[in-house]
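Take a look at the letters that make up each chain.
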Amino acid sequence: MKTILFLLSMTIAGTAIAKRPNILFIFTDDHGYQAISAYGSNRNKTPNIDRIASEGMRFENCFVTNSICGPSRAVILTGKHSHINGFMTNGNSFDGTQQTFPKLLQKTGYQTAIFGKWHLKSDPTGFDVWQVLLGQGPYYNPPMKSPAGTKKIEGYTTDIITDLTLSWLKNDRAKDKPFMLMCQHKAPHRNWQPGPSHLETYNDVEMPYPETFWDDYKGRTAAASSQAMTVARHLSANDLKLNQPRGLTSSQLESWNAAYEPKNKKFREAKLEGKERIKWQYQRYVKDYLRCVASVDDNIGRLLKYLDESGLAKDTIVIYSSDQGWYLGEHGWYDKRWMYEESFKTPLVARWPGVIKPESVNRDFVSNLDFAQTFLDIAGVKQIPEPMQGHSLVPVFKGNTPKDWRNSMYYHYYEFPGAHSVRRHYGVRTEKHKLIHFYNMEEWELFDLEKDPNELKNVYGNPTYSETQSKMKKELTRLRQLYKVPEDTRPVKRAPKKPRDKKKKAAEKKAA
Ligand code: CA
């Protein structure tokens, strides 16, 4: 009898665990929704990301809290805003001793693994298995770090990250446990080096220009004064592939030269100037970016295919997202950082067989702040020791968005001084309006998103909007209190360089 009871309880326990779904989180760096066909891209096709969307849900309003690489990752791991998790700018190092969702998943019996871009300086914590790029990582032949040490792997990074993910899925995971698997690409981050199979993709097309490509930033002081991220003036020779890339093997370089040298020769001979030159730069930049996206999409196809073949698809939630959105020439820009729509929003599509209705489109305000609690809810974790600041998306997945769901989003960007010189700002977005405060400049911007979806006309101070303006300010204050945001008192000027050590100077003189 005892044996029967024991076997019965084992079976029940086994069934209960087997019922908890696996999670495959596929994540990219800097992938704007404008470069995904499921989001209506007029420039490229992404059949595999589209497949996740059509077999699941596409989120039209997924916002990030701080539009930049490292900080977005820290928000996802902790479910807390940057000022609470401590990773406010890319210059920070993540405190891996704090509570994160992978640690809580481990405690509840999930196996956790991450392959690819980590970008938080300190080593990953909370993962049973990890193998990550060093910092940003190169597009070709990346050194990858794991607890066993750092080893260089030859090939194209997007393919390699997928190979590692697949190899773990096939051979190394504990098959009696559900898994949380994070496959995190470097692509399509700057400087957009296409993979061997897409060096010639888009050669014969002219990419359309966004409506705001020739934006003059009128009425928007921060954009007009200090940013350095224009397609016209801020792309380097490396970005534009006018220099040969470093670190390629001789055969990789041979394919590279075959693709770029004839085009570069033509460009040099044409001696383009003014708008023609800017247009050439846009074409070169956007095509290379989309070539990188094409490899990401191909590799997502490999993962989906394996899930189908192995039978894992029915028990595995697949989520695709990026650390933030991106400017694909909108406002004349590349890069991210601003609270304007293209970088504030990020793509999010999710497939969960039997739970998410295929072909769903959701317009609720969701955020990368919600991901941690979503994963924990999926795994059945009811108690989170330290409260997080988002909300589980599981009811949203089920089509039952709670009545009191948020209808405004708080945003805060901190990295100034910093790369691309975008001023620090915070703000609030509601369905129809957006208020932004560039607090070190005492500049405000208010946009009527219904009349001006491209955010070209700042109506702050316009009497027609005085009621809206004060409502938005109140909402901003409410959110800053809700999330416990302290005043940002860090200096806005770079600290002066320390005078060089006298002894060191003398030693150098002697050596010379
Ligand atoms: Ca990024």
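Note that the structure is predicted; figures quoted are calculated from it, not measured.

Participant: Please clarify how the side chain of Q99 should be interpreted in this entry.
Facilitator: Inspection of the secondary structure puts Q99 in the loop between α4 (82–85) and α5 (101–107). Overall, the relative accessible area of 11% leaves Q99 in the buried class. For Q99, the side chain forms a polar contact with the main-chain oxygen of E386, separated by 2.8 Å. Those residues within four positions of Q99 in sequence are excluded, and the remaining contacts are L77, T78, L104, I384, P385, E386 and M388.

Participant: Would you mind going over the coordination of the calcium ion with me for this structure?
Facilitator: Ideal values for angles at a metal depend on the geometry: 109.5 degrees with four tetrahedral donors, 90 or 180 degrees with six octahedral donors. On the protein side, the calcium ion has D29 (OD), D30 (OD), C69 (SG), D323 (OD), D323 (OD) and Q324 (OE1) as donor atoms, found 2.2 to 2.7 Å from it. With 6 donor atoms in place around the calcium ion and angles of 52 to 164 degrees between them, the coordination shape is irregular. Sequence spacing of the donor residues for the calcium ion, all on one chain, is D-D-x38-C-x253-D-Q. On the accessibility criterion, D29 (0% relative accessible area) is buried. Under the relative-accessibility criterion, D30 is labelled buried at 0%.

Participant: Can you help me understand the nonpolar core in this one?
Facilitator: When a protein is soluble and globular, its nonpolar side chains tend to lie buried together. The biggest cluster of nonpolar side chains holds 65 residues, and the ones touching the most others in it are Y285, Y289 and Y320. For this core, the elements supplying multiple residues, two or more each, are β1 (22–28), α2 (47–54), β4 (111–116), α6 (157–172), β8 (179–184), α8 (250–270), α9 (274–310) and β9 (316–322). Top element by residues in this core is α9. It accounts for 15 residues. In this structure, this core is formed jointly by two domains, domain 1 (2–176 + 312–358 + 373–400) and domain 2 (196–282), each of which donates at least three residues. Formed by 43 residues, the second largest nonpolar core is a distinct cluster that contains L120, L348, F375 and L376.

Participant: Quick question: what am I supposed to make of the packing of α8 against α9 here?
Facilitator: The relative placement of two packed helices comes down to the angle between their axes together with the axis-to-axis distance. One can describe the packing of α8 onto α9 by two numbers: an axis separation of 12 Å at closest approach and a directional angle of 170 degrees. Viewed along their axes, α8 and α9 adopt a mutual orientation that is roughly antiparallel. Note that α8 runs across α9; the crossing there is left-handed. For the pair α8 and α9, the contacting residues are Y260, K263, N264 and F267 in the first and R277, W280, R284, D288 and R291 in the second. Here the residues of the contact of α8 with α9 sort into 3 nonpolar, 1 polar and 5 charged.

What counts as what
Residues numbered from 1 in each chain as written. Predicted model: local features only at pLDDT ≥ 70, side-chain atom pairs only at ≥ 80, totals over all residues. Heavy atoms only, no water. Helix = DSSP H or I, 4+ residues; strand = E, 2+ residues; numbered from the N terminus. Buried < 20%, exposed > 50% of the residue type's maximum accessible area, 1.4 Å probe, protein only. Polar contact = N/O pair within 3.5 Å; in protein donor to acceptor, adjacent residues only side chain to side chain. Contact = heavy atoms within 4.5 Å. Donors = N, O, S within 2.8 Å, 3.2 Å for Na, K, Ca; no water. Tetrahedral: all angles 85-135°; square planar, octahedral: opposite > 155°, others 65-115°. Core = buried A, V, L, I, M, F, W, Y, C linked by side-chain atoms within 4.5 Å. Domains from an automatic or database assignment. Axes fitted to C-alpha atoms, helices over the stretch in contact; angles between N-to-C directions. Parallel < 35°, antiparallel > 145°, perpendicular 65-115°, else oblique. Left-handed = near helix turned anticlockwise from the far one by under 90°. Nonpolar A, V, L, I, M, F, W, Y, C, P; charged D, E, K, R; others polar.

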